[in-house]
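Here is how the chains run, residue by residue.
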Amino acid sequence: MTTRLKIAVLGAGLIGRQHMLRIQASESCVLSAIVDPAPGARAVADEAGVAYFQTLAQLLATARPDGIIIGTPNAMHVDQALECLAAGVPALIEKPVAHTLEAGERLIAAVEGGRVPFLVGHHRAHSPIMALARETVRSGRLGRLVAVTGTALFCKPDDYFTEAPWRRQPGGGPILVNMIHEIDNLRSLCGEITEVQAVVSNATRGFEVEDTAAISLRFDSGALGTFLLSDTAASPRSWEQTSQENKAYSTYPDEDCYILAGTMGSLAVPTMRLRSYASQADRSWWKPFQTDMLDLHRKDPLAEQIEHFSAVIRGEAQPLVSVRDGVQNLRVVEAIREAAREGRSVRVPLPA
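A brief structural summary. As the structure is a prediction and not an experimental result, all values here were calculated from the model.

**Things to note about the nonpolar core**
By size, the foremost hydrophobic cluster in this structure holds 74 residues, and its most contacted members are I68, V196, L260 and V323. By residue number, the principal contributor to this core is helix 12 (residues 323-342), which donates eight residues. Each residue touching L260, except ones within four places of it in the same chain, is listed here: V137, L142, L145, A147, V148, L189, C190, G265, S266, L267 and V269. With 20 residues, the next largest nonpolar core counts V9, I23, L31 and V50 among its residues.

What follows is the structure, given as structure tokens:
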């Protein structure tokens, strides 16, 4: 039987504790340590029955693990990843991979070509829903992709902002906090995003930061997309409320958050309703579609990500979401912010 890998978690906050639960339930790895200087973190480690350290340096000096999950504040990600790199320890870096593009580029330069693997925590990439949608697009069942429309319409409660006032300020709005998930999904499904336009509004809450955004997207394939984003809308049309993957959210299984339309058919995600023409000769709005419901087996993407991280550490798999992927997601999000700020379309450089 393969020895279970020792995984340490940096950051005992909300996402760190979610990773801890998945590691503790895994058959491929064990939780070895918690690293977090915050009050209360030692209690989290004691409750889990694992070693506690205040700093990453202390962990690496005394109890080097097989892998590390970086779930600390965004501004710490790159420096801590570089510390892991210097120690030769693989890391799973929570999204966003970096707090600035410059920092992300610095990390790319350091890790690429090296022997230490790094994985970025865009956990939806490990969703069976996304895997089936990608497979359907790539199979050609939709024909050539023409357009995609997406929504992330949900309502964050007032205490979300009172508990963390920084969320009312630039950097705390849904473009930076939430849209990066959607960008990773859209790039996975439709290919690279080459141009964006955006308009934003803060009319509902009146904070310094936006609460709603309308975004236009151009993909390198020639397909076009639209995305409607709001964290103050009374709507269930978001990934969390439709995918049934995060049990903390109310679920509306009859709703979709993406529609992918090609020359031969369209796919609604995550209900996985496929409507397609039987043949090229049937391509007409006068002709009926064939309708299918694709067979879907749901799994917890965070748990799947832990298993993937273990396989990456063992050298059995390449990172599904690389540092370069994570930086490209950040690059698109920054282009959306620039487009909204300057009132013009913004080109997005393709990854090298």
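Having seen it, we continue.
**Digging into the pairing of strand 2 (residues 29-35)**
Burial within strand 2 is extensive, with five of its seven residues counted as buried. With six bridges connecting them, strand 1 (residues 5-10) and strand 2 associate as parallel partners. Following the sheet pairing, L5 is matched in strand 2 by C29.

**Digging into the pairing of strand 11 (residues 258-262)**
By the alternation rule, side chains of strand 11 split into Y258, L260 and G262, which are all buried, and I259 and A261, of which none is buried. Sheet analysis places strand 7 (residues 145-153) next to strand 11, joined by five bridges and oriented antiparallel. Bridging from a neighbouring strand, T149 pairs with I259 of strand 11. As defined by bridge partners, strand 11 adjoins strand 12 (residues 265-269) across four bridges and the pair is classed as antiparallel. Across the sheet, residue L260 finds its bridge partner in strand 12, namely L267. In textbook terms, the turn of a hairpin is the stretch between consecutive antiparallel strands, and for strand 11 and strand 12 this stretch comprises two residues.

Calculation notes
All chains use their own residue numbering, which begins from 1 and follows the written sequence. Under the rules for a predicted model, residues below a pLDDT of 70 receive no local features and side-chain atom pairs below 80 are neither given nor counted, while totals for whole chains, interfaces and linings still include all residues. Only hydrogens and water are removed before side-chain values are computed, so all heavy atoms of the structure are retained for them. Only buried residues count toward a nonpolar core, which is a set of Ala, Val, Leu, Ile, Met, Phe, Trp, Tyr and Cys residues joined through side-chain atoms within 4.5 Å. Only protein chains enter the area calculation, which uses a 1.4 Å probe; residues under 20% of their type maximum are buried, those over 50% are exposed, and those in between are partly exposed. What counts as a helix is a DSSP run of H or I of at least four residues, what counts as a strand is a run of E of at least two, and both are numbered from the N terminus. Note on contacts: a residue pair qualifies if any of its non-hydrogen atoms lie within 4.5 Å across the two residues. What makes two strands pair is DSSP finding at least two bridges between them.

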